[in-house]
Amino acid sequence: LERLKKKVYLEQLILLALRVLAILVLVLAFARPVSTARTRAVAGSGKHRVIILDASYSMLAGEAQATGWDKARAAVRGLLGSWARGERWSLYLLDKQPHWVVDDQPVESPEQTQAILDAQEPSESAASLAQALELVLKKTAGRETEIYIVADGQAGTWKGVDQVPRPADGVRLFWIHPAPATPE
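Parameters and conventions
Residues numbered from 1 in each chain as written. Predicted model: local features only at pLDDT ≥ 70, side-chain atom pairs only at ≥ 80, totals over all residues. Heavy atoms only, no water. Helix = DSSP H or I, 4+ residues; strand = E, 2+ residues; numbered from the N terminus. Buried < 20%, exposed > 50% of the residue type's maximum accessible area, 1.4 Å probe, protein only. Contact = heavy atoms within 4.5 Å. Arc of directions from axis to C-beta. Axes fitted to C-alpha atoms, helices over the stretch in contact; angles between N-to-C directions. Parallel < 35°, antiparallel > 145°, perpendicular 65-115°, else oblique. Left-handed = near helix turned anticlockwise from the far one by under 90°. Core = buried A, V, L, I, M, F, W, Y, C linked by side-chain atoms within 4.5 Å. Pairing = 2+ DSSP bridges. pLDDT = per-residue confidence, 0-100.

### Comments concerning the overall build of the protein
- What the protein contains, in helices and strands, is five helices and five strands.
- The helix and strand sequence of the protein, counted from the amino end, reads α-β-α-β-β-α-α-β-α-β.
- Out of the 184 residues belonging to the protein, those deemed buried represent 35%.
- A fraction of 76% describes how many contacts in the protein between residues 6 or more apart in sequence connect residues 24 or more apart.

Here it is, written out as structure tokens:
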């Protein structure tokens, strides 16, 4: 009877350990582990994230402390802060000469991405979101992509967007529209 009692006790301990291990495996499977060490690479979600940022003159509308540009940068900061190291991202800036500021690079650190964003300034120019979308869709063709459009509602910026071919499957579009810069 004593031997049977020890055997049942040992089996119960092994069963408990297996249950705890199963729960740990599930937690790790759903978690997105992130390393802070710069020497280790961390795999991202596999999606390529592209931000199209309107840096045209209309983004300077509003009060000195609350322009559309300031609100747009705050929105992009929040977005960048939610991405883990290793995520692939790009930043396309719509200014006098639209260009790739970041072209398909991994997120190294939140500080680095914030510094890149803070270095950008709007220009006294118009922007064409239609041309930017065509270029971004062409460049990211065949990849799972999330495109974040950060632009105001300026009619000239959006002219021709309805003529842009519909994105392929695997491409998701998000319009992050900062609240209007009006006094409260």
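### Describing helix H3 (residues 110-118)
- Turning to H3, its buried residues are Thr 113, Gln 114 and Leu 117. For H3, the buried positions fall inside an angular range of 100 degrees around the axis, keeping them on one side.
- Where H3 is buried, its residues meet strand E1 (48-54), helix H2 (68-81) and strand E2 (88-94).

### Notes on the packing of H2 against H3
- It is at 10 Å that the axes of H2 and H3 come closest, and there the two elements cross at 160 degrees. Accordingly, the angle class assigned to the pair H2 and H3 is roughly antiparallel. Crossing geometry of H2 relative to H3 is assigned as right-handed. For the pair H2 and H3, the contacting residues are Arg 73, Val 76, Arg 77, Leu 80 and Gly 81 in the first and Thr 113, Gln 114, Leu 117 and Asp 118 in the second.

### Brief notes about the nonpolar core
- In this structure, Ile 51, Leu 53, Val 76, Leu 80, Trp 83 and Trp 89 are the most contacted members of the largest nonpolar core, which totals 18 residues.
- Looking at this core, the elements with two or more residues in it are E1, H2, E2 and strand E4 (145-150).
- The element contributing the most residues to this core is H2, with five residues.
- Among residues more than four places away in sequence, those in contact with Val 76 are Ile 51, Leu 53, Leu 117 and Val 150.
- With 17 residues, the next largest nonpolar core counts Tyr 92, Ala 132, Leu 133 and Val 161 among its residues.

### Quick word on the sheet that holds strand E3 (residues 99-106)
- The sheet built from five strands is open, its strands ordered E3-E2-E1-E4-E5 with mixed pairing. Strands with a single pairing partner mark the edges of an open sheet, and in this sheet they are E3 and strand E5 (171-176). Each neighbouring strand pair of the sheet contributes to a mean axis angle of 15 degrees, computed without reference to strand direction.
- Relative to E4, E1 is paired through six bridges, and the arrangement is parallel. Paired with Ile 51 across the two strands is Tyr 148, which belongs to E4.
- Helix-sheet contacts for H2 involve E1, E2, E4 and E5, and the interaxial angle to E1 is about 170 degrees.

### Observations regarding the pairing of E3
- In the sheet, E2 pairs with E3 via five bridges, with the strands oriented antiparallel. Residue pairing across strands places Arg 88 opposite Pro 106, the latter belonging to E3.
- Linking E2 back to E3 in an antiparallel pair, the connection comprises four residues.

### Here's the deal with the confidence of the model for the protein
- The pLDDT averaged across the protein works out to 83; a share of 89% of its residues lies at or above 70.
- Per-element confidence in the protein is highest for helix H1 (residues 2-30), whose mean pLDDT is 93, and lowest for helix H5 (residues 155-158), whose mean pLDDT is 81.

### With respect to unusual backbone geometry
- The phi dihedral of Asp 104 is positive, around 55 degrees, even though this residue is not glycine.
- Tracing the backbone through its elements, the reader meets Asp 104 in strand E3.

### Focus: the environment of Arg 166
- With respect to the secondary-structure elements, Arg 166 resides in the loop between H5 and E5.
- When its relative accessible area of 76% is taken as the criterion, Arg 166 is described as exposed.
- The spatial distance from the C-alpha of Arg 166 to the C-alpha of Leu 137 is 9.2 Å, given a sequence separation of 29 residues.

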